[in-house]
Amino acid sequence: MEWETVIGLEIHAQLATRSKIFSGAPTAYGAEPNTQACAVDLGLPGVLPVLNGEAVRMAVKFGLAIGGTIAARSIFSRKNYFYPDLPKGYQISQYDLPVVSRGHLNILVDGEEKTIGITRAHLEEDAGKSLHEDFHGLTGIDLNRAGTPLLEIVSEPDLRSAQEAVAYMKKIHALVRYLRICDGNMQEGSFRCDANVSVRRMEQNEFGTRAEIKNLNSFRFVERAINFEVERQIALLEAGGRVVQETRLYDADKGETRSMRSKEEANDYRYFPDPDLLPLEIGPAFVDEVRGQLPELPDAKKERFKAQYGLGEYDAAVLTATRETADYYEAVVGAAGCDPKLCANWIMGDLSAALNRAGVEIDQTPVTAERLAGLLQRIADSTISGKIAKQVFEAMWEKGATADALIEQQGLKQITDGGEIATIIDQIIAANPEQVSQYRAGKERLFGFFVGQAMKATRGKANPQQLNALLKQKL
Amino acid sequence: MSLTTKDVDKIAWLARLAIDQSHVTAYTRDLSGILDFVEQMNAVSTAHVTPMAHPTDQPQRLRPDIVTEFDQRQLFQACAPLVDAGLYLVPKVLE
Amino acid sequence: MHNKTIAELAAGLRDKEFSSRELTTHFLARIGQYNPALNCFITVTEELALQQAEAADARIAAGKAGPLTGVPIVQKDIFCTKGVRTSCGSKMLDNFIAPYDATVVERLGRAGTVMLGKANMDEFAMGSSNETSFYGIVRNPWDTNAVPGGSSGGSAAAIAARLTPGATGTDTGGSIRQPAAFCGITGLKPTYGLVSRYGMIAFASSLDQGGPMARSAEDCALLLQEMAGFDEKDSTSVKRTVPDYRAGLNERLAGLRIGLPEEFFDEALDSEIARTIEAAIAEYEKLGAEVKKISLANMRLSVPVYYVVAPAECSSNLARYDGVRFGYRCQNPKDVHDLFMRSRGEGFGAEVKRRILIGTYVLSAGYYDAYYLQAQKIRRLISEDFKQAFEQVDVILGPTAPSVAFGFGEKTSDPIAMYLSDIYTIGVNLAGLPAMSIPVGFSSNRPVGMQLIGNYFKEAQLLNIAHRYQQVTDWHRRVPANFM
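Described below are features of the structure shown in this document.

1. Regarding the environment of alanine 335 of chain A
So, step 1. Inspection of the secondary structure assignment puts alanine 335 of chain A in helix H9 (residues 323-336).
So, step 2. Judged by its relative accessible area of 39%, alanine 335 of chain A falls in the partly exposed class.

See the structure below:
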């Protein structure tokens, strides 16, 4: 039996505002419990919400970046339910009229581009945290996160595999960071998603019953949770069972999803317009102003990199995957003034490997763009060979020194003096008469032997092109 | 529009209100009476009327993104029923 | 001293006829003497009042006094007062010491007023007779067998009994005007958005509005002057210049167009009240006003609409009382749901529970359109009726309530009968308009209130119209016999 997977994602991106969405309390992560929960965040009797303009601006930025419609008038509604870390007994969210609707995004999977629809993106407030570690057998409630602005980004059910879902989520992740509206920190929960997953038979038109997997906070978990869920649903259906519409949790330790208690499911959120907040009106002037502040977006940057630097699709995609990588690349190209392809290879090769080994992000690299450019210049002007450059790069990473200082200090400068190379070749020819005669008799693969001897004698510093040419000539 | 005691139990659960079982019948009667009373609204045709959620026509005002509130945990938790180590405590929540 | 108006007291303080401390001590003594019989107060803040009085005296001595410096007032216990219990008339908040001041409290404090205490009220302002308070009933000073009205019953009774010259109230469906009428005092419900709701414990957010209660229109003007104005902490607060309410009090009424809605003079209205109101209308005609019959066709639907909208909002507004961060918490909850269910079940009284249940029901899946949405649409129609009326007239006049103060227990067993006692006041809240109630006579020895409804932000005009009437009559100066 052939099955098709249908996935829609609801991504929650915490907006990088200084203060909360409806109060003046700070949003910084990691403070002592409840020290960043003000009267409004705690839902004290009598308090009222006032909307943070920056959160609105960020939502509009996102809307424009996905080619979406910015609602001239949108409404904040209350989503009513009881939970100990939901202070007011309702969450202020948007229901009927979200601030952004009908956008889209292209993803690249297995070399094929696919357009994913984005149904809507709306503003809402985050809840607090329940800490289930033992407090004398009780649960502790920390409301520091309560009231942090969230942008909930809801995709169409356009995704057909876990791989596509991850590609889409990564694309949104890159986009919100490009726009500087979310720090994208998944460990801290700044970027997380719920996945709606269903399966259907290939020939079937209507969607199958879906399960919603809650709170996935890494790309790996998204992939594993979806794959597990798809297999579970197929096994269930093939055994003649049926999928129940429900909310499921992903257990990362066991690598499986499990049903949340059904009583929670009986929720009826009783959405209605929040009488404490008036309709949000966004005029064309505001939209234009935000449009003027938009940075170059990932897809446009990728096309420009291809055109301007002569990069291939793959290289351009990798180098524009994050705004930091793209900025780094352009800084290197600008400072080095050498072959953009060489710059690309170094960033995607040695630098990327070193970053991965050390587990640091490109904006934390000890080898700055300026210093990497310094190294690449020495390759371009033949001061050192590419091979030596790798050694120098390792030393730069370890010692935090410039390429020039290390080349000087360790005497790594390439020998480009033809006379000096010729003298060395003469010595090698004189010392190996047997190999010379064999070579001259036609055993051409001995050529490598002579190159090796010469490199050994110069500790690898002889300019390879010059060495080859002179060797051929003398032999 | 008449409610049953079962309806009232369901609404009371949604509203998280414990209602003494001996009072459910009285609540059922009162609530049914109120719902019957508000039924009169249905006599009016409102097909083309825009719902009115607010008495004012103003749009929402936007606040500048400035931190104006600072830690007052001690003061706020002085009126809390049960706290420890800065956390509000509730019976164990099962995930 | 207790029979002087706020305007007179302020002048006496300025002229150093008496100090704020003397004045405050005098009112505190009266509270000590009369409050046990009336139960107007949930909390008397004696110590704080004396401190504030001394600070006011120092301010007066330093020549830095404002118009209300040193004048004692009472806050309805719905307004948060920092460091003072703010109960909202509920067991739920019996132990709640507010950690901050409501904007109204802050402003009146800054103006130098002295807070004598926190007034009794219906639980969470849900009631029309002050019989739902966790702190017990309030008695009407004119007849202690009658209710004072509600929900601002404590404020109204305290003013009538001369236990305070003025008080704050809040009005969601008539909660300032109806008790003002029942207790023979003057009360003003301002335009929605004029007085900040920040720190005023919410009942129904799109209807709630705080306002002044006092004996005269002039006193209401003085209090409103300090209470009104833009507040950045309230998104529904309106940014506009606050006029000088006292400046226009004596404007002449010649040519004033008064509208009498036929729906306000229907068969539901007590005939003696109708006659009293007609006498007041005659006074206005003598003052040069023109009277005109108008119609507010959808007015009869205001009570049904209100009993969908207000409970819907209240069911959500009161969800925060869950026993976690403040307020009542049940003993030994066995799990989180038990904590929620019993803290709320035990902390709220019967009327609050009824409204939460109704509100939950009308918002729930499958019923939203038929109830909540339909109510919001008719709310628009009611509001349009007023809009049209104000194209023809300057002010709308009618009774405040269909009857005078009724007896205890008369309506408690029939919620709808109780709801209908606000039939003339509720429409104003749905539309967000300003309105006043002023005393215009007596029926069966109980005060009769007359309602004046103005167009948006026409508080100054309403105060002027009320003041001119009070210049030619003395109903507002009558004192209940046992509280001379």
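2. What about the pattern of salt bridges?
So, step 1. Here the structure, examined in full by the defined rule, presents 54 salt bridges over all chains.
So, step 2. Taking the shortest distance from any N to any O, the salt bridge between glutamate 324 of chain A and arginine 180 of chain A comes out at 3.9 Å. In this pair, glutamate 324 of chain A is assigned in helix H9 and arginine 180 of chain A in the loop between helix H3 (162-178) and strand E12 (191-201), connecting sequence segments 144 residues apart.
So, step 3. For glutamate 324 of chain A, a relative accessible area of 19% translates into the label buried.
So, step 4. Linking aspartate 171 of chain C and arginine 177 of chain C is a salt bridge whose minimum nitrogen-to-oxygen distance equals 2.8 Å. Across the pair, exposure class does not vary: aspartate 171 of chain C and arginine 177 of chain C are buried alike.
So, step 5. Through salt bridges that share partners, Arg78, Asp274 and Asp276 of chain A together with Arg197 and Asp234 of chain C make up one connected network.

3. Some words on the environment of alanine 336 of chain A
Residue and element names in this part refer to chain A.
So, step 1. Tracing the chain through its elements places alanine 336 in helix H9.
So, step 2. Note on alanine 336: relative accessible area 9%, which makes it buried.
So, step 3. For the pair alanine 336 and alanine 380, spaced 44 residues apart in the sequence, the C-alpha separation amounts to 9.0 Å.
So, step 4. Apart from the residues within four sequence positions on either side, alanine 336 is in contact with Ala373, Leu376 and Gln377.

4. Observations concerning the interface of chain A and chain B
So, step 1. Facing the 55 residues of chain A at the interface are 36 residues of chain B.
So, step 2. For the pairing of chain A and chain B, the buried interface totals around 4000 Å² over both sides, and the portion due to carbon and sulfur atoms is 59%.
So, step 3. Across the chain A-chain B interface, the total number found is zero salt bridges.
So, step 4. Taken together, the connections running from chain A to chain B amount to 22 residue pairs in polar contact (both at pLDDT 80 or more).
So, step 5. Contributing elements (two or more residues each) for the side of chain A that touches chain B: helix H1 (39-42), strand E2 (51-52), helix H2 (53-65), strand E9 (129-135), strand E10 (138-142) and strand E17 (280-281) of chain A.
So, step 6. In the side of chain A that touches chain B, the residues fall into 28 nonpolar, 13 polar and 14 charged.
So, step 7. Relative to strand E1 (residues 62-63) of chain B, E2 of chain A runs parallel, the two sharing two bridges. Bridge pairing in E1 of chain B places leucine 51 of chain A opposite leucine 62 of chain B.

5. Some points on the side chain of glutamate 124 of chain A
Residue and element names in this part refer to chain A.
So, step 1. Its location among the elements puts glutamate 124 in strand E8 (residues 112-125).
So, step 2. Although glutamate 124 lies buried, it forms no salt bridge, and the closest oppositely charged side chain, lysine 79, sits 6.1 Å away as judged by the N-O distance.
So, step 3. Polar contacts involving the side chain of glutamate 124 include one to the side chain of glutamine 91, which spans 3.5 Å.
So, step 4. Looking at glutamate 124, its side chain comes within polar contact range of the side chain of serine 93, at 2.9 Å.
So, step 5. Non-local contacts of glutamate 124, meaning those with residues more than four positions away in its chain, are made with His12, Ile21, Gln91, Ile92, Ser93, Thr148, Pro149, Leu150 and Glu152.

6. So, helix H10 (residues 340-358) of chain A
Residues and elements named next belong to chain A.
So, step 1. In a regular helix each residue adds 1.5 Å, so 19 residues correspond to 27 Å; H10 covers 25 Å between its end C-alpha atoms and thus fits that length.
So, step 2. If you look at H10, its biggest bend is around 35°, right at serine 352.
So, step 3. Residues Cys343, Ala344, Trp346, Ile347, Asp350, Leu351, Ala354 and Leu355 constitute the buried set of H10.
So, step 4. Buried residues belonging to H10 abut helix H8 (313-319), H9, helix H11 (369-380) and helix H12 (386-399).
So, step 5. If you check the start of H10, you find a side-chain oxygen 3.0 Å away from the backbone N of lysine 341, and it comes from aspartate 339.

7. Some points on the sheet that holds strand E11 (residues 149-155) of chain A
Residues and elements named next belong to chain A.
So, step 1. Taken together, nine strands build an open sheet; the order of strands is E3-E7-E8-E11-E1-E12-E13-E14-E15 and the sheet is mixed. Looking at strand neighbours, the two that pair on one side only are strand E3 (69-70) and strand E15 (256-259), the edges of this open sheet.
So, step 2. Taken together, the four bridges between strand E13 (residues 211-216) and strand E14 (residues 246-251) define a ladder with parallel strand orientation. When the sheet's bridge partners are listed, isoleucine 213 is paired in E14 with arginine 248.

8. Thoughts on the interface of chain C and chain B
So, step 1. The interface of chain C with chain B comprises 69 residues on the first partner and 48 residues on the second.
So, step 2. With both chains or domains summed, chain C and chain B bury close to 5200 Å², and 70% of this area falls on carbon and sulfur atoms.
So, step 3. By the criterion of area lost to chain B, the three top residues of chain C are Met341, Leu357 and Arg380 of chain C, representing 13% of everything that side buries.
So, step 4. Joining chain C to chain B, the criterion identifies one salt bridge.
So, step 5. Note that aspartate 30 of chain B is salt-bridged to arginine 354 of chain C, the shortest N-O span being 2.9 Å.
So, step 6. If you look at where chain C meets chain B, you find 15 residue pairs in polar contact (both at pLDDT 80 or more).

9. Some remarks on the side chain of asparagine 298 of chain C
All names here are of chain C.
So, step 1. Locating asparagine 298 in the fold gives a position in the loop between strand E8 (290-294) and helix H9 (302-317).
So, step 2. Given the relative accessible area of 14%, asparagine 298 is considered buried.
So, step 3. Setting aside its immediate chain neighbours within four residues, asparagine 298 contacts Leu381, Ile382 and Asp385.

10. With respect to the packing of helix H7 (residues 217-227) of chain C against helix H15 (residues 459-472) of chain C
Residues and elements named next belong to chain C.
So, step 1. Two elements in contact, H7 and H15, have axes separated by 8 Å at closest approach and are oriented at 150°. With respect to H15, the axis of H7 lies roughly antiparallel. Touching Ala217, Glu218, Cys220, Ala221 and Leu224 of H7 are Glu459, Leu463, Ala466, His467 and Gln470, all from H15.
So, step 2. Of the residues belonging to the contact of H7 with H15, the class tally is six nonpolar, two polar and two charged.

11. So, the state of the cysteines
So, step 1. What the rule picks out here adds up to zero disulfides over all chains.
So, step 2. In this model cysteine 182 of chain A remains outside any disulfide bridge; the closest cysteine sulfur is found in cysteine 193 of chain A, 13 Å from its own.
So, step 3. Given a relative accessible area of 5%, cysteine 182 of chain A falls into the buried group.
So, step 4. Looking at cysteine 40 of chain C, it has no disulfide partner, and the nearest cysteine sulfur is the one in cysteine 183 of chain C, 8.0 Å off.
So, step 5. By relative accessible area, cysteine 40 of chain C is classed as buried at 1%.

12. Thoughts on unusual backbone geometry
Note: most residues except glycine have negative phi, and most peptide bonds are trans.
Residues and elements named next belong to chain C.
So, step 1. Of note, the bond from glycine 150 into serine 151 is cis; its omega dihedral lies within 30 degrees of zero at 10°.
So, step 2. A positive phi angle is found at asparagine 39, which is not glycine, with a value near 65°.
So, step 3. Along the polypeptide, asparagine 39 turns up in the loop between helix H2 (20-38) and strand E1 (41-44).

13. Concerning the environment of methionine 121 of chain C
So, step 1. Along the polypeptide, methionine 121 of chain C turns up in the loop between strand E3 (114-119) and helix H5 (153-160).
So, step 2. Discounting chain neighbours no more than four positions away, the residues touching methionine 121 of chain C are Ile42, Lys76, Asp77, Ile78, Cys88, Gly89, Asn130, Ser133 and Ser151 of chain C.

Reading the values: the criteria
- Residues numbered from 1 in each chain as written.
- Chains lettered and ligands numbered in written order.
- Predicted model: local features only at pLDDT ≥ 70, side-chain atom pairs only at ≥ 80, totals over all residues.
- Heavy atoms only, no water.
- Helix = DSSP H or I, 4+ residues; strand = E, 2+ residues; numbered from the N terminus.
- Buried < 20%, exposed > 50% of the residue type's maximum accessible area, 1.4 Å probe, protein only.
- Salt bridge = Lys/Arg side-chain N within 4 Å of Asp/Glu carboxyl O.
- Contact = heavy atoms within 4.5 Å.
- Buried area = accessible area lost by both parts, 1.4 Å probe.
- Polar contact = N/O pair within 3.5 Å; in protein donor to acceptor, adjacent residues only side chain to side chain.
- Nonpolar A, V, L, I, M, F, W, Y, C, P; charged D, E, K, R; others polar.
- Pairing = 2+ DSSP bridges.
- Lys, Arg positive; Asp, Glu negative; His and termini not counted.
- Expected span 1.5 Å × (residues − 1).
- Bend = angle between axes of the 7 residues up to and from the residue.
- Axes fitted to C-alpha atoms, helices over the stretch in contact; angles between N-to-C directions.
- Parallel < 35°, antiparallel > 145°, perpendicular 65-115°, else oblique.
- Disulfide = S-S within 2.5 Å.

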